[in-house]
Amino acid sequence: MNLPFLLLYITLCTAHPEPVRVTLAEEQAVRQTIVIGVNASLETKASAAKLADYLRKITGAPFDVLSGDGSKGIAVGRSLDFPNIAHGVEFRPNEITRREEYLLRTHADGMWLIGATDLAVQHAVWDFLYRIGYRQFFPGPTWEVIPKARSLTVAIDTLEKPSYHSRRIWYGFGAWDYAKEPYRDWCEKNRSGGGVQLNTGHAYDGIVKSLSKDFEQHPEFWPEINGERKPMRNPKPCLGNESVRQAMIAQALARLDSNPTLDSVSIDPSDGGGWCECTKCKKLGSISDQAITLANELAEAIDRKHPGKVVGLYAYNYHSSPPTIQVHPNVVVSVATAFIKGGQSLDELLVGWAGKDAVLGVREYYSVNTWDRDQPAHARGGNLDYLQRTIPLFYSKGARYMSAESSDNWGPNGLGYFFANRMLWDVNEANKKEAIVNDFLEKAFGSARQPMADFYQEIDGSTPHLVTSDQLGRMFRALDQARRAVDSPEIQKRLDDLTLYTQYSDLFYQYSQSDALHRQASFETLIRFAYRMRTTMMIHTYALYRDLANRDKSVTIPADAQWQVPEEKNPWKSSRAFDSSEIAAFVRAGIERNPLVELNFRPAAFSNDLIPASQALNLPSDKPAGEWGPGRGVQIFHTYTEKETSLDLKITGGLIPHYRDRGNVKVELWKIGGASQSGEQETLITADKSTPPDGQEHLVQLLIKEPGHYRVTVSDGNDRTSIIWPESLPCVIQSEKDKGMNETYGQWMGYFYVPKGTKVIGFFGGEHGEIRDSEDRPQFWLNGKQPNFYSIDVPHGQDGKVWKARYVRGAIRLLTVPPYFARTPAELLLPKEIVEKDR
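Residues numbered from 1 in each chain as written. Predicted model: local features only at pLDDT ≥ 70, side-chain atom pairs only at ≥ 80, totals over all residues. Heavy atoms only, no water.

Focus: the overall build of the chain
Working step 1: When helices and strands are tallied, the chain shows 21 helices and 39 strands.
Working step 2: Taken over C-alpha atoms, the radius of gyration comes to 31 Å for the chain, in line with the 28 Å a tight globule of 839 residues would show.
Working step 3: In terms of overall dimensions, the chain has C-alpha extents of about 95 × 75 × 65 Å along its principal axes.
Working step 4: Across the chain, the 97 positively charged side chains and the 104 negatively charged ones have centroids separated by 1 Å. (Helix = DSSP H or I, 4+ residues; strand = E, 2+ residues; numbered from the N terminus. Rg over C-alpha atoms; globule rule 2.2 N^0.38 Å. Lys, Arg positive; Asp, Glu negative; His and termini not counted. Charge placed at Lys NZ, Arg CZ, Asp CG, Glu CD.)

Structure representation (structure tokens):
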């Protein structure tokens, strides 16, 4: 960004109606010197020096750092450094949740960058630089953007404090040596981390280990399981034993005694099960009650000896559910967004824990390498809509701490991490998503902005990407256009990094699709490439190299090529740089290898105003009935009734026995269309949570009082649920491009309608199955086909008829015909406009 003159004019949370405009530099000449207090700390001196350095890089003016009282110049420091400045702000540096507050204010003789603590001063410096155009989008010098302006005039008056006290976007597998300093630098420049260092990790393991002698002398400290007490992995001590609790509390206090700079200690249980079953523990209450009893007692002890410190633990696994007892105000409970047991929704957990006065945090999963392997649009961290929705939502529920497990994978998730971090400081930034994305595209890519907008749309998990080869093809083509549009070396380096990321994604796709004969070779190519591009930090090479072969037993890494073996002795490791011709070749080959999907049909739009179609369209009634079978997760059905009735469902939950601890099956009945008190098109009529996941059949009766169209939603904890639908009411499943049917059904069969005049049936599908016309003739085979878009020319006389899909595995998404499957033609519900047109 090259500008002859840069003007910043901001009015936020002001004490003055209009900020004073002040010139800091004019035509590469300094107009305001940077001033620090005479007793400034080393940390503040470092922040002032960085401000001087970057203002020089931006304006070309040689800013100095001098000592003074702050009445004139650019005052940088803690409030106590400038006792004579009457800024009118009451800073409280000794309160751990107010350490990060700072003031940015211009005045007639200069400007104040004043904070409660050294950390707040550091934030003030980087925030000010951000406001005048500086960016550190991703870690590393490649992603630093320094604006240019010969003159600089600013007007600002804002008091800043973070929405979340702790804001951690951290690497689940840790950072390799090359990534540690760039990551630390990114956190500093983007105000990440937070003023409160909240310790919340699994702690019982370490505590029990440090108390090993106590447990040797007192075997009764171990949990009683099946009537026996003995040492165990992932230990859960007998918390009903007061002596155990006192020993654990003493150990935690000793940690604070030896390290008084700690803000908190974790008292979170070890992972997994193995909780004590003795009478004393049962008397404490639920597992959550037991964990909170210990946490509360520890918080009381800390409050007496180390006031101001807090206790951290998760709401996770067996202690997900809210307790029946109140939570001490110094206990921070971070609710996990995954690995939840007990069957309550995340919203119910947040509300339930808040109802017990818990100070809330959130334990998020923005990217877990074992889940997403750094693939585009696979992780929450790359889903901008998810981030935009959840961060303010969690805050509105009371969350003030965020710990998001992530990865060193700035290729697929970098923009998401940057956006999330902005919102964690100020949740109102959620309303600026479009502006933040546009700012990123403009500053990072300049004249290549538009093709890179296309690229980032392809890697945004907010929109579905059904065909991987098409997605990769569009990524390569966007990069090709971008590379042709720029002549800036800085932008070219960013495009090179993203090209290497896209090449990695393509290699991973080839590896994942390779057969047994070629899999080892594809794997080796992948790991060699991942290591060679590691310093871009586009992918989490450290995690991939360490873990991928552990999960895929069909591949191996030779002993001399293991991730710990140094490069000079490792045949798989090479740090040879990629040259421009090699990178250009990746783009050409990627385009050739990944052709775009070309639809020979135009998807059609249909209303969701469904009505019975059998009589109006004279649909056949003699066809054999299809079925869906059991499904996991959320199953959605549509039905219709002409009169008041009872929808009687026979439901069997928990068909996967080892997942039966995830709560009861939830059933919701929604009325679609018609009047509602809120004016919405959907009204919740009733909900039922009575079906336990016990593998036994249970009857759920849903009373329907009015005729019309209804939707039934059945959800479980992914433990697989069977639903037997009554023959008296139709059962229809919707499956369109953006709302595919449940993917977990076994082999299924269903009927769909091809309206009159339809020339082509366009759909998305693959894997296995066949589509047959109304005369039961096969028209398309899915067997062995990759999930993709396909089409069928409708034979003469086969429009205005019912077709069927049978022997299908996976989802079929209908795109040119009404996207509804029924067990029989007689049960079909179709959009009202189709029924009326074809009547």
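Quick notes on the side chain of Arg 823
Working step 1: Checked against the element boundaries, Arg 823 lands in the loop between strand S38 (820–822) and strand S39 (829–831).
Working step 2: A distance of 3.4 Å separates the side chain of Arg 823 from the backbone oxygen of Trp 725, its partner in a polar contact.
Working step 3: Of note is the side chain of Arg 823, whose polar atom sits 3.4 Å from the backbone oxygen of Pro 726. (Polar contact = N/O pair within 3.5 Å; in protein donor to acceptor, adjacent residues only side chain to side chain.)

What to know about the state of the cysteines
Such a bond, covalent and formed between the sulfur atoms of two cysteines, is termed a disulfide.
Working step 1: Within the structure shown, the criterion is met by 0 disulfides.
Working step 2: A disulfide-free cysteine, Cys 278 has its sulfur positioned 3.5 Å from the sulfur of Cys 276, the nearest such atom.
Working step 3: Free cysteine Cys 281: the closest other cysteine sulfur is in Cys 276, separated by 3.6 Å.
Working step 4: Given a relative accessible area of 0%, Cys 281 falls into the buried group. (Disulfide = S-S within 2.5 Å. Buried < 20%, exposed > 50% of the residue type's maximum accessible area, 1.4 Å probe, protein only.)

Here's the deal with the side chain of Asn 369
Working step 1: Topologically, Asn 369 is positioned in helix H10 (residues 369–372).
Working step 2: Among all residues touching Asn 369, those that are not within four sequence positions of it are Phe 173, Asp 374, Ser 407, His 540, Ala 543 and Leu 544. (Contact = heavy atoms within 4.5 Å.)

Notes on the sheet that holds strand S27 (residues 697–704)
Working step 1: Reading across the sheet, the 3 strands line up as S27-S24-S29 and stay open at both edges, with antiparallel pairing between neighbours. Each having just a single partner strand, S27 and strand S29 (722–724) make up the two edges of the open sheet. Between one strand axis and the next, the sheet turns by 30° as a mean value, whatever way the strands run.
Working step 2: As defined by bridge partners, strand S24 (residues 645–652) adjoins S29 across 3 bridges and the pair is classed as antiparallel. For Lys 650, the partnering residue across the bridge sits in S29 and is Ile 724. (Pairing = 2+ DSSP bridges. Axes fitted to C-alpha atoms, helices over the stretch in contact; angles between N-to-C directions.)

As for the packing of aromatic side chains
Working step 1: Applying the stated criterion across every chain, the model contains 50 aromatic pairs.
Working step 2: A ring pair is formed by Phe 137 and Phe 418, whose centres lie 5.1 Å apart and whose planes are at 65°; its orientation type is edge-to-face. Taken as a pair, Phe 137 in the loop between strand S9 (135–136) and strand S10 (144–145) and Phe 418 in helix H12 (residues 410–425) lie far apart in primary sequence, 281 residues in all.
Working step 3: On the basis of relative accessibility, which here comes to 0%, the residue Phe 137 falls in the buried class.
Working step 4: Take Phe 418: its relative accessible area is 1%, and that puts it in the buried class.
Working step 5: The interplanar angle of 70° and the centroid separation of 5.5 Å between the aromatic rings of Phe 508 and Tyr 511 together place this pair among those described as edge-to-face. You can see Phe 508 and its partner Tyr 511 sitting in helix H16 (residues 489–513), 3 residues apart, about one turn around the helix. Take Phe 508 and Tyr 511: they sit in the same class, and that class is buried.
Working step 6: An aromatic cluster is present here, built from Phe 137, Phe 138, Trp 143, Trp 186, Trp 410, Tyr 417, Phe 418, Phe 440, Phe 445, Phe 455 and Tyr 456 joined pairwise through their rings.
Working step 7: Taking the ring centre of Tyr 130 as reference, the NZ or CZ of Arg 422 above it sits at 3.9 Å.
Working step 8: The ring of Tyr 659 carries Arg 662 above its face, with NZ or CZ at 3.8 Å from the centroid. (Phe/Tyr/Trp six-rings, centres within 6.5 Å; stacked < 30°, edge-to-face > 60°. Lys NZ or Arg CZ within 6 Å of the ring centre and 35° of its normal.)

Structural measurements only, silent on function.
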